[in-house]
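Chain by chain, the residues run as shown.
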Amino acid sequence: MSDDTRQMLLDTLERVLADHCTAERVQAADQGGFDAALWQTLDELGYPLAAVPELAGGIGLPLPDLCALLRVCGRHCAPVPLAESAMLGAWLLAGAGLELPDGVLAVASVDPGLLKLTPQGDGLRLQGTVSSVAAARHASAIVLLVEYGGACRVTVLPPADYRLEAGDNLAGDARDDMHLDLTIDASRLHTAATGVTLEAFHARAALLRAALMTGALERALQQSLDYARERKQFGRALAAFQAIQQQLAILAAEVVAANAAVDHAAAVAETGPALDEIAVAKIRAGKAAGIACRIAHQVHGAMGFTQEYSLQHATRRLWAWREENGTETVWARRLGQRLAKSGADALWPLTTASGAVAD
Amino acid sequence: MSSPGITLEPARLPPACEALRTQVRAFLSEEQAAGRFTPCCDNWLGGFDPDFSRRLAARGWLGMTLPREYGGHGRTALERYVVTEELLAAGAPVAAHWVGDRQTGPSLLRYGTEEQKQFFLPKLVSGEVFFAIGMSEPGSGSDLASVRTRAERVDGGWAITGTKLWTSNAHRADWFFVLCRSAPLGEDRHAGLSQFIIDLKTPGISIRPVPILTGAHHFNEVVMDRVFVPDTRVLGEIGQGWKQVTSELAYERSGPERFMSTFPLLQELLRVVGDTPDERTAIAIGELAAELWALRRMSLSVAAALQRGEAPDVAAALVKDLGTRFESEVFERVRLLIDCAPSLTARRRIDLLLAQAVLHSPGFTLRGGTNEILRGVVARALGLR
């Protein structure tokens, strides 16, 4: 794909979201909602095919470009599940050689023990609950990834196969519990693409989440900069106060740090396993989120503490998303255990090996 | 809405760098195996070892980026970056050549006369002479343009009078790059400043030690009383000193020494806690490593921008702000994870490294521009001032 095409996809998304995602429309999608008209527009423009390989009729964007698209979504607080539907759900289906159903796809991966999987005749009985499935109530189908018979399997569940219990996260994004009690035929269990394991899938989801977070971080920074320049107190713009300047410089640094970690993880993940790099990206984005939200709200004063002022669209997303797909603690534990196991003398070699290109 | 704030282009090291890295690692393990140095925190300030610097020079790792015509090695800034980060990771004693290799070499190359380049650069590359830099004064710290050391025109040159403070290793270096006021302070505070290259053995110079919190002697007060500097030792143009010293801040501010001063302590933590640490320790290691890795990506991005000929001084200021805070975060975390008794006389390595880190830490966020000054630079770029 040419750089021109990539840039065009980014620019178009930027333009569409800038038009669509007014504060009113973002607010209208709060409490589990979703902007169906926006999804329709994105669908017509082909964005749900962004991660589907070209051979399967998609656009086949590499991960750094997918992350760039999500950064734009995050920046506009776009109330559509592009990451889940296009970059996880459709990507899983295309990898397993399946047709894509119309509409939004939700996606759920099932860790061992979370569901009861019992062979039954020719098929598999699924019993139990998968909690907090993003955009489940808006989906035409839920793509389920399970580990069964020593391999990762993909299956598509139409709404008739599950019962939902509505829930949401701090941002008001739909996060529904999915109750399952059915037997699916073996013919519906498809082998996932080579390299897709539960671990790799979770990492991919975490990377995409971190990319969305970098966009919301940029939004929080932009709004804070604008506000500091406009708002006057003691006869001066807030921006003129050194105390404010220092805080906003710290906020800007957090945004740069999160972006650097996400960019690097996406580049490494495109060419191979990148569990450590994705850990760093999610940890760094999560840390930045806490600092950025604190500073952005402090700079905005009471104004930012209201629902009618749109800063909350970015900050509530940041607070919600840092908990999803693994908190800083979850990823740091894993990274720390691995580094400790490798030993003190391996710490620096592992640091420099990340993303290194050999001769 | 485009990306607000400061953007950094992701960068990856070219393959040639990894071969070079292997050579540097092999050299460093030989040095350590032979007991030629003990890893220390902040050893780019404290580890003054001319012989070590000369052994690096013999491998071609001093003045790497300087052109061959001046004895340099014509390597890229990214190759120098690799050598530098390996030395810091090992906690090697690099203070003797640090200032010359990082700052004076590039300064001379950019602003020096042909004669100055011919005279100084080959000696810098061979580790024959070492350099100190005189910027701060008793009355001028962050407000560098307020320097009062003055240069007066005399027959055949200049007479320098004034006091420089916090000059690292002035007592052991050979040459001293000094920022002076060469014309009276006028409306434009940045005008009338000039740089001079002074032989530290010139009559009229007296050097007094200013021990840091460890009691060690790295800093000095350098008093100059009508010290004669010939015209041939003016650096660049008279009156252009401000532009000259500020144009290379990105080099000084974004290097790995701005986040790796306490790396030896982090590594020692892993040694002490072993391969299956408790959960709290594992999480802390993961968090610290994540910050280290993110900082390294940012620092590499700035290095790559410099190599492309850009002037990423704002990004460099931002990286230094984050990086130097991380250097202190390392010991603040480590001290709470293990039983420790930090002391400079400790027999246990981690206690010793902790003591070095703690007692050197005030310098991390002061030297090369305080973090408050750096955030001011960032705030200006954000359009806030």
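How each quantity is defined
Residues numbered from 1 in each chain as written. Chains lettered and ligands numbered in written order. Predicted model: local features only at pLDDT ≥ 70, side-chain atom pairs only at ≥ 80, totals over all residues. Domains from an automatic or database assignment. Helix = DSSP H or I, 4+ residues; strand = E, 2+ residues; numbered from the N terminus. Nonpolar A, V, L, I, M, F, W, Y, C, P; charged D, E, K, R; others polar. Pairing = 2+ DSSP bridges. Axes fitted to C-alpha atoms, helices over the stretch in contact; angles between N-to-C directions. Contact = placed C-beta atoms within 7 Å. Expected span 1.5 Å × (residues − 1). Bend = angle between axes of the 7 residues up to and from the residue. Buried ≥ 20, exposed ≤ 12 C-beta atoms within 10 Å, placed from the backbone.

1. Examining the domain arrangement of chain B
Residues and elements named next belong to chain B.
Inference 1: Looking at the assigned domains, one finds that chain B contains domain 1 (16-130), domain 2 (133-241) and domain 3 (246-381).
Inference 2: One C-alpha centre belongs to domain 1, the other to domain 3, and the line joining them spans 21 Å.
Inference 3: Elements represented by at least two residues in the side of domain 1 that touches domain 3 include exactly helix H2 (43-46), helix H4 (77-89) and helix H5 (95-111).
Inference 4: Considering each element in turn, the side of domain 1 that touches domain 3 owes the most residues, 7 residues, to H4.
Inference 5: Of the residues belonging to the side of domain 1 that touches domain 3, the class tally is 11 nonpolar, 5 polar and 3 charged.

2. Quick look at the sheet that holds strand E3 (residues 123-134) of chain A
All names here are of chain A.
Inference 1: Strand order in the open sheet made by the 4 strands is E2-E3-E7-E6, with antiparallel pairing throughout. Edge positions in the open sheet fall to strand E2 (115-120) and strand E6 (162-165), since each of these has one partner strand only. Going from strand to strand, the sheet's axes swing by 15 degrees on average, the running direction of each strand aside.
Inference 2: Bridge count for E6 against strand E7 (residues 175-184) is 4 bridges, and the pairing is antiparallel. Its bridge partner lying in E7, Arg163 is registered against His179.

3. Describing the domain arrangement of chain A
All names here are of chain A.
Inference 1: Per the domain assignment, the segments making up chain A are domain 1 (3-191) and domain 2 (198-353).
Inference 2: Between the C-alpha centres of domain 1 and domain 2 the distance comes to 23 Å.
Inference 3: Contact with domain 1, which involves 25 residues of that partner, is made by 27 residues of domain 2.
Inference 4: Those elements giving two or more residues to the side of domain 1 that touches domain 2 turn out to be helix H2 (23-28), helix H4 (63-75), helix H5 (82-95) and strand E4 (141-148).
Inference 5: Its residues assigned to classes, the side of domain 1 that touches domain 2 shows 17 nonpolar, 3 polar and 5 charged.

4. Here we look at helix H6 (residues 114-126) of chain B
All names here are of chain B.
Inference 1: Look at H6: 19 Å from first C-alpha to last across 13 residues, which is about the 18 Å you get at 1.5 Å a residue.
Inference 2: The sharpest bend along H6 reaches about 25 degrees and sits at Phe120, with the proline Pro122 one to four residues further on.
Inference 3: Listing the buried residues of H6 in full gives Lys117, Phe120, Leu121, Leu124 and Val125.
Inference 4: Where H6 is buried, its residues contact helix H3 (50-58) and H5.

5. Structural notes on the pairing of E3 of chain A
All names here are of chain A.
Inference 1: Pairing of E2 with E3 involves 6 bridges; the strand directions are antiparallel. Residue pairing for E3: Gln120 is matched across the bridge by Gly123.
Inference 2: The hairpin formed by E2 and E3 contains 2 residues between the paired strands, and Gly121 there has a positive phi angle of roughly 55 degrees.
Inference 3: By the bridge criterion, 9 bridges tie E3 to E7 in an arrangement that is antiparallel. Within E7, the position partnered with Gly128 by the bridge is Leu180.

6. Things to note about the interface of chain A and chain B
Many descriptions give the size of an interface as the accessible area lost when the pieces come together.
Inference 1: Each side of the interface is counted separately: chain A has 51 residues, and chain B has 50 residues.
Inference 2: Secondary structure elements with two or more residues in the side of chain A that touches chain B: helix H6 (198-230), helix H7 (242-271), helix H8 (275-300), helix H10 (328-342) and helix H11 (344-353) of chain A.
Inference 3: If you tally residues by element for the side of chain A that touches chain B, the top one is H7 of chain A, at 15 residues.

7. As for the sheet that holds strand E8 (residues 190-191) of chain A
All names here are of chain A.
Inference 1: Spatial strand order, E1-E4-E5-E8: 4 strands in an open sheet with mixed pairing. The open sheet has two free edges, formed respectively by strand E1 (105-110) and E8, since each of these has just one partner strand.
Inference 2: Pairing analysis gives 7 bridges linking E4 to strand E5 (residues 151-157), with the strands arranged antiparallel. Residue pairing across strands places Ile142 opposite Leu157, the latter belonging to E5.
Inference 3: Along the sheet, H5 contacts E1, E4 and E5; its crossing angle with E1, the most-contacted strand, is approximately 65 degrees.

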